[in-house]
Amino acid sequence: LGGAGRLYTEEDPLVILSSDSLKSAVTNSSSAWLIQFFSSWCGHCIQYSSTWKALAQDVKDWQDAISVGVLDCAQEENFDVCKDYSIKFYPTFKFFWAHSPPSERGTTYRGADRSIPSVRQLMVNVLQNHTNLDRPKHCPPLEPYRYLDLNLDRVGVYHYTAILVEEPDSYVGREVILDLLQYLGVQVKRALSSDRPLVDALKLTAFPAIYLLHPNGTHAHLHSEKPLRFFFSSLLRTLPGVQRRLKSSSTSSSGASQVGALPGKQNTEPWRDFDRSKVYTADLETALHYLLRVELATHNTLEGEELKIFKDLVTLVAKLYPGGGSVVKLMETLSDWLLSMPLQRIPYQAVLDLVDNKMRISGVFLGAELRWVGCQGSRAGLRGYPCSLWTLFHVLTVQHDANPTALDNTGAEAAPVLQMMRRYIRTFFGCRECGRHFEQAAAVGMDNVQNREQQILWLWQQHNRGNMRLAGSLSDDPLFPKAPWPSPSLCASCHEEKNGVHVWNQDNVLRFLRQHYAASNLSPEYSV
Ligand code: FAD
């Protein structure tokens, strides 16, 4: 479904429709559709596009039940189709029921309230107005269950069953049901707080609340720091054994599957239990090991710009790597050696020899094997190197903040860690497609980063954009599904809701990042 309009690009989490694709998309579709017919010259449509993209992102996981699309009526090729669908004003929102016939021209939404929560509730209503027979195949029942129908003693044998009990006019239950559509291992049902027998049986007093039936037959109230949709959905997605359904398409932008495709070692190695609230030095050391001995070693010689980038990276790591241990000594030695070399061009083998020799003579050690801990994947080819590279650069942004003078005398720019990361990724990172995405983001916003705090937050935000784009792609490890980070269980105060929409509390995010990636939160467990 091609033909990107000017306001929307293929990167946006929605479908860009055109005269060629509209009819075939909505006719006999297994999902319902919400389509915004807009005009790229209409000022309001231009302003509204950011809201529409945020809405599409907000309901991305609902797409098997209801898909979000756009069609630009200002494009000449679309003149006829917009006339055929009677679009007179922009924007016009139309809903199409699942399994619509070819003659269907959609139902126009005439309300003036176009805020995200209102449109989202409309989408829920559309889904709920389907009959049991024509409901989208992947949409579970949205009606509330009654106490007797819930059959509490018999549910949840093979999976979790979450019963979200809420006030009758609340949409949280239906939104959480749809948020969990892409996940296996948990079924969500809703019930009403007006159902006295149920509320008494479950001993619930405040709403909305989740009562969770475990596969092993036990049940209990599920504690959530805040009674918000985002918290409930996030808690259910991260229950042990709950997994994201993977897209079967080969069209995902999962370049990381190439970079992460390390030799099958991870499979044969024992699983290393770890704590998600810690950062492991083993991951940082393995990142440097892989970077120095594998990624850069594919270059026979380094010269010119490449040599400069390599020197700068080694210096930066030497100055900012936390803890001052053997990694720092090795990097300092390497940095001194590189700076003392008069050559314009060095054979990379000389670097490898120096690293190996230095380690042999002085006992300075950088693990000689791939030893992922927080970056372990559930199978080879997932997580690993790209995960550790993100981790390394997050640590470096926080270290730069904690040691503001560390880079004095190195001619540092406003955001030296980000600029270094940009140059490294562009020049050496094995996943070219990833490099292209990162470069696009850097070109738009990196130069606006003015200080060390913004440096930490920019990388966090950029990483989250990637997480959202890649959720459910082939490089998404089902055991570690990509989601906005930090999750509410890592940092509850990082999350808020404003006018029905999830928002970050950036002050608390910054506080959390400073703590999470601080030297004091590094665990040496499993390190060499
Ligand atoms: P990762 O996303 O690698 O995250 C590693 C760890 O960082 C997480 O376990 C978590 O503890 C922490 N974390 C997560 N989010 C944040 C955040 N927002 N802020 C701070 N810490 C966080 N893959 C593609 O398929 N396509 C791409 O275009 C692509 N581009 C990439 C660009 C770069 C610069 C890099 C380094 C990697 C890129 N990758 C891309 C790989 C992808 O982003 C993941 O690294 C990879 O899929 C492994 O994912 P993961 O689940 O281990 O978590």
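Attention here is on the structure that accompanies the text. Here, residues in each chain are numbered from 1, in the same order as that chain's written sequence. Predicted model: local features are reported for residues with pLDDT of at least 70 only, side-chain atom pairs are reported and counted for 80 or more only, and whole-chain, interface and lining totals are derived from all residues. Processing note: side-chain calculations cover all non-hydrogen atoms of the structure and skip hydrogens and water entirely.

Helix and strand assignments follow DSSP, with helices taken as H or I runs no shorter than four residues and strands as E runs no shorter than two, numbered in order from the N terminus. Looking only at helices and strands, one finds 19 helices and 17 strands in the protein. In summary, the protein has a C-alpha radius of gyration of 26 Å against a globular reference of 24 Å for 528 residues, a match within 12%. The dimensions of the protein, computed from C-alpha atoms along their principal axes, are 75 × 60 × 40 Å. Only heavy atoms enter the contact rule, under which two residues are in contact if any of them lie within 4.5 Å. For the protein, contacts bridging at least 24 residues in sequence account for 75% of all contacts bridging at least 6. Note on method: radius of gyration uses C-alpha positions; expected globular size equals 2.2 Å times residues raised to 0.38.

Buried residues are those whose accessible area, probed at 1.4 Å on protein chains only, stays under 20% of the maximum for their type, while exposed residues exceed 50% and partly exposed ones sit between those limits. Where burial is concerned, most of strand β2 (residues 32-38) is hidden: 7 out of the 7 residues are buried. Every second residue of β2 is oriented toward a common face, with A32, L34, Q36 and F38 on one face and W33, I35 and F37 on the other, all of them buried. Bridge count between β2 and strand β3 (residues 66-72): 7 bridges; the pairing is parallel. Each residue of the ladder has a partner; that of F37, found in β3, is L71. Crossovers are described as right-handed under a simple rule: with the strands pointing away from the observer, the path leading from the first strand over the helix to the second runs clockwise. Regarding topology, helix α2 (residues 43-58) serves as the crossover connection from β2 to the parallel β3, and that connection is right-handed. Two strands form a pair only when DSSP identifies at least two bridges running between them. Across 5 bridges, β2 lies against strand β4 (residues 92-96) in antiparallel orientation. Among the inter-strand pairings, W33 is bridged to a residue of β4, identified as F96.

Turning our eyes to something else, we now look at the sheet that holds strand β9 (residues 209-213). Pairing is mixed in the open sheet, where 4 strands are placed in the order β8-β6-β9-β10. Each of the sheet's edge strands pairs with one partner strand only, and the pair in question is β8 (186-192) and β10 (219-222). Pairwise comparison of adjacent strand axes, ignoring direction, gives a mean angle of 25° for this sheet. Relative to β9, strand β6 (residues 160-166) runs antiparallel, the two being bridged by 5 bridges. For L164, the partnering residue across the bridge sits in β9 and is I210. Fitted lines through C-alpha atoms give the axes, limited to the stretch in contact for helices. The angle between two N-to-C directions lies from 0 to 180 degrees.

A few words on the state of the cysteines. Note on disulfides: each one is a pair of cysteine sulfur atoms within 2.5 Å. According to the stated counting rule, one finds 5 disulfides in the structure shown. One disulfide in the model links C73 with C82; its S-S distance is 2.1 Å. Of note, the bridge from C73 to C82 carries an S-S torsion of about -90° and is left-handed in sense. Taken as a pair, C73 and C82 share a single burial class, namely buried. One disulfide bridge connects C375 with C387, the sulfur atoms lying 2.1 Å from each other. Taking the sign of the torsion about the S-S bond as the criterion, the disulfide between C375 and C387, at about -75°, is left-handed.

Let's shift gears to the nonpolar core. In summary, soluble globular proteins display a tendency toward joint burial of nonpolar side chains. Side-chain atoms within 4.5 Å are what join buried Ala, Val, Leu, Ile, Met, Phe, Trp, Tyr and Cys residues into a set we call a nonpolar core. Judged by nonpolar contacts, the single largest core of 73 residues is most densely connected at L292, F310 and L334. Residue contributions to this core peak at 9 residues, all from helix α12 (residues 304-320). Every residue in contact with L334, bar those within four places of it in the chain, is listed here: L292, F310, V314, V351, L354 and V355. Judged by nonpolar contacts, the second largest core, of 53 residues, contains I16, F38, I210 and F232.

Stacked, tilted and edge-to-face pairs are distinguished by plane angle, under 30 degrees for stacked and over 60 for edge-to-face with tilted covering the rest, among Phe, Tyr and Trp rings (Trp via its six-membered ring) whose centres lie within 6.5 Å. Tallied over the entire structure, the rule returns 20 aromatic pairs. Relative to W52, the ring of Y48 lies with its centre 6.0 Å away and its plane at 45°, an arrangement referred to as tilted. Of the two residues, Y48 and W52 both sit in helix α2, 4 residues apart, roughly one turn of that helix. W52 matches Y48 in its accessibility class, with the two residues each being buried. Both rings, one in W485 and one in Y517, keep their centres 6.0 Å apart while their planes meet at 40°; by these two values the pair is tilted. A residue pair is termed long-range when its members are at least 10 positions apart, and W485 in the loop between α18 (452-470) and β15 (495-498) and Y517 in the loop between α19 (506-516) and β17 (522-523) qualify at 32 residues. For W485, a relative accessible area of 24% corresponds to the partly exposed category. On the basis of relative accessible area, Y517 is assigned to the buried category, the value being 8%. Across the ring face of Y85, the terminal group of R105 is positioned such that the distance to the ring centre comes to 4.5 Å. Two conditions define a charge located above a ring, namely a distance within 6 Å from the ring centre to NZ of Lys or CZ of Arg, and an angle within 35 degrees of the ring normal.

What follows is about α12. Side chains of residues three or four places apart in an α-helix project in the same direction, reflecting 3.6 residues per turn. To estimate how far a helix should reach, multiply one less than its number of residues by 1.5 Å. With 17 residues, α12 extends 25 Å between its outermost C-alpha atoms, agreeing within 8% with the 24 Å of an ideal straight helix rising 1.5 Å per residue. Residues L307, I309, F310, K311, L313, V314, T315, L316, V317, A318 and L320 constitute the buried set of α12.

To continue, consider the packing of helix α16 (residues 416-428) against α18. Two elements in contact, α16 and α18, have axes separated by 9 Å at closest approach and are oriented at 40°. In this view, α16 runs oblique relative to α18, as classed from their interaxial angle. On the side of α16, the interface is formed by P416, V417, L418 and M421, while α18 contributes Q455, W458 and L459. Gly counts as polar in this scheme, as do all residues outside two lists: the nonpolar Ala, Val, Leu, Ile, Met, Phe, Trp, Tyr, Cys and Pro, and the charged Asp, Glu, Lys and Arg. Grouping the constituent residues of the contact of α16 with α18 by class yields 6 nonpolar, 1 polar and no charged. Angle categories are assigned with fixed cut-offs, so that under 35 degrees is roughly parallel, over 145 is roughly antiparallel, 65 to 115 is roughly perpendicular, and the rest are oblique.

The term salt bridge refers to a side-chain nitrogen of Lys or Arg lying within 4 Å of a carboxyl oxygen of Asp or Glu. Using the criterion set out here, one finds 21 salt bridges in the structure. One salt bridge in this structure joins D58 and R229, with 2.7 Å as the shortest N-O distance. Of this pair, D58 sits in helix α2 while R229 sits in helix α8 (residues 229-237), and the two are 171 residues apart along the sequence. Between E433 and R436 there is a salt bridge, and its shortest N-O distance comes to 2.6 Å. Taken together, the residues E433 and R436, both in helix α17 (residues 432-445) and 3 residues apart, mark about one turn of the helix. Residues participating in the shared-partner salt-bridge network are D58, R120, E175, D179 and R229.

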